[in-house]
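Chain and residue survey
The chain contents come next:
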Amino acid sequence: MRNSRQTILPHALHSHHRFLLTLQIKNHLHSLALSPPNNHQQTKMTLPKPPSLSLLFLLLLGAAHAEDPYHFHTWNVKYATLSPLGSPEQVITINDEFPGPRINGTSNNNIVVNIFNHLDEPVLFTWNGIQQRKNSWQEGLPGTNCPIPPGTNMTYKFQVKDQIGSYYYYPSTSLHRATGGYGPITVHSRELIPVPYAFPEAEHIALVGDWYTKPLPDLLKLLDSGRSLGRPDGVVINGKSGKIEKKPNHKEEPMFTMLPGKTYRYRFCNVGMKNSINIRFQKHSIKLVEIEGSHTVQNIYDSLDVHLGQCYSVLVTADQEPGDYYLIASTRFTKEVLSATALVRYVGGKAPPPAEMPAPPVGWAWSLNQFRSQRWNLTASAARPNPQGSYHYGKINITRTIKVVNSAGAVDGRLRYAINGVSHVNPETPLKLAEYFRVADKVFKYNLMKDYPGQAGEKITVAPDVVNATYRDFIEIVFENPEKSVQSWHLAGYSFFAVAIEPGKWTPARRSNYNLLDAVSRNTIQVYPGCWAAIMLTMDNAGMWNLRAGSTERAYLGQQLYFSVLSRELSLRDEYNIPDDQLLCGIVKDMPRPKLYTI
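My aim in this report is to walk through the structure given alongside it, one point at a time. Bear in mind the structure is a predicted one, so any value in this text is a computation, not a measurement. (Residues numbered from 1 in each chain as written. Predicted model: local features only at pLDDT ≥ 70, side-chain atom pairs only at ≥ 80, totals over all residues. Heavy atoms only, no water.)

1. Describing the overall build of the chain
Looking only at helices and strands, the chain has six helices and 34 strands in total. The buried share among the 599 residues of the chain stands at 58%. On the chain, roughly 24,500 Å² of surface is accessible, and the fraction owed to carbon and sulfur atoms is 54%. (Helix = DSSP H or I, 4+ residues; strand = E, 2+ residues; numbered from the N terminus. Buried < 20%, exposed > 50% of the residue type's maximum accessible area, 1.4 Å probe, protein only. Areas by Shrake-Rupley, 256 points an atom, 1.4 Å probe, with all protein chains shown as cover.)

Structural data, given as structure tokens:
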């Protein structure tokens, strides 16, 4: 899995050098039909030229004074015929790769991604887990951005501010993620900030998830007609399903290689659409070291449950007889278990994979106990040079409690999913743009969804679901799952403290079960059938932020909402201005722009 073509540009330079460098960059970007890195831009497609020697010289000249560098990526998004499960089908590729190229950087780096849309329909990409501090303009969801029309391009620019960890991106329009287009994002600690384990020999990335072989139009037809997608057809690891060889086959290329005696970091993300995934290795244990940007207590497991949307980092030591071994990924909580394998080969090893395959765990109680064992490493440094546990979330007064109950029902004879009786739909005008241009009342109503659910079986309201949240309030969100399937929830723009998952129904008295000391700070949480989960966070990131089901089907059919978090001051201290060349659509397309925020 390669990085996309990129240029790294220092951000903080002497003013004279920076001026010259900016001038050179603008000229270079103009030659590429790109915008300057702080703008969105639509242009006609042209093939990019390589950086000039003068540009490279200036990059080197500024490096001595550099901090917060820029990473430039150019993506060409199009369909290709691939066979993830063995039969040819249309898959979204980026620069002819599936999964897409890796975005790899360091905390506080600036990421610029110029996306050329070669599909025959509009597309957006979102950056799952990247907090986009003060910058929901770059979130890349239908509620925040206008899609990139076919035959044009748009540039995303964002900073991975005060973040480290394992994340991924995917196309957020339509059901495009069902046809690929996803790839990894990895953010490393700055050199001066130590990590709580020895530097591994190398890193391996495994994007795992279930997969449907039906063409995209057929999947859309099912959902739009009010039917479920049903069971997936298989599981893939980095876009491949793998096969088990009973005899040595050294012609088979391994997906991963390891040197005997060395330790490797594996980053796992569940990029699937419906099911939780269990990952495990033959003959090798795994040491958990990171969950979605947080260093963890380093527990050792035989296998690990990775729920929809979640990312984990583990360390694996090549301490067995040199040879071939399998990494196995299989569905959890399903009647029929679907599996994929990836070959892991010791360099120089000759032995075939062991005949015995490790069995997956059974039931959700095992998974719940694993969640309870996962703790924040309070002594490890975070993205900032201070311990993770220096923020004492358990001592902050809760100012608001929102109890979320998911449900399924029929509206006009068609399947819909809802949160507290409201099933979200995306309007033609993105919610963030309607709010910014002061025409929200023409697009949606605030607070249709109440903080507590109504009676079971209540009528479902289908409408844009936008909830006002007070800037900098410390809130508690409780997810209650009365259904028979595991739910997964992702909150954009934030990390939250996952303080509890427990059986039964939630009441205020259940707060006595909260972990108020070392709950992991993360962005996605699972809720088992007949259980509840609680999270706590400070709403300190101004913008429009999506809370959504990890299940693609459920989110598409309404199980999501947006939090509108506005600073009263409308100041640049709290939120960035709309980019100069932000794509506009819907009723705001030809409207004059409001007055810009100032300090």
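2. Structural notes on the sheet that holds strand E4 (residues 103–106)
Think of a sheet as strands paired side by side through backbone hydrogen bonds, with each pair either parallel or antiparallel. Spatially, E4-E9-E8-E6 is the arrangement adopted by the four strands of the open sheet, whose pairing is mixed. Either end of the sheet is taken by a strand with one partner, and the two such strands are E4 and strand E6 (125–128). Each adjacent strand pair in this sheet contributes to an overall mean axis angle of 20°, direction not counted. Pairing of E4 with strand E9 (residues 183–188) involves four bridges; the strand directions are parallel. Each residue of the ladder has a partner; that of Asn 104, found in E9, is Thr 186. (Pairing = 2+ DSSP bridges. Axes fitted to C-alpha atoms, helices over the stretch in contact; angles between N-to-C directions.)

3. A short note on the sheet that holds strand E12 (residues 256–258)
The sheet built from five strands is open, its strands ordered E12-E21-E20-E14-E18 with mixed pairing. Both edges of this open sheet fall to E12 and strand E18 (303–306), since each of them pairs with a single strand only. The mean inter-strand angle of the sheet, taken between neighbouring strand axes irrespective of direction, is 25°. Judged from the three bridges that link them, E12 and strand E21 (residues 339–346) form a sheet pairing that is parallel. Looking at E21, one finds that Thr 257 is bridged to Arg 345.

4. Looking at the pairing of strand E7 (residues 153–159)
The side chains of a regular strand alternate, residue by residue, between the two faces of the sheet. In terms of residue burial, E7 counts as a mostly covered element, since seven of its seven residues are buried. Two elements, strand E5 (residues 110–117) and E7, share seven bridges in a ladder whose sense is antiparallel. Across the sheet, the residue bridging to Ile 115 is Met 154, located in E7.

5. Examining the state of the cysteines
This model, assessed by the stated rule, comprises two disulfides. For Cys 269, the disulfide goes to Cys 311, at an S-S distance of 2.1 Å. In this structure the cystine formed by Cys 269 and Cys 311 twists about its S-S bond by roughly 115°; its chirality is therefore right-handed. On the criterion of sequence distance, the pair formed by Cys 269 in strand E13 (residues 263–270) and Cys 311 in strand E19 (residues 311–317) is long-range, its members being 42 residues apart. For the chain, the disulfide bridges join cysteines in the arrangement 1-4, 2-3, where the cysteines are counted in sequence order. (Disulfide = S-S within 2.5 Å.)

Don't take any of this as a statement about function, it's just geometry.
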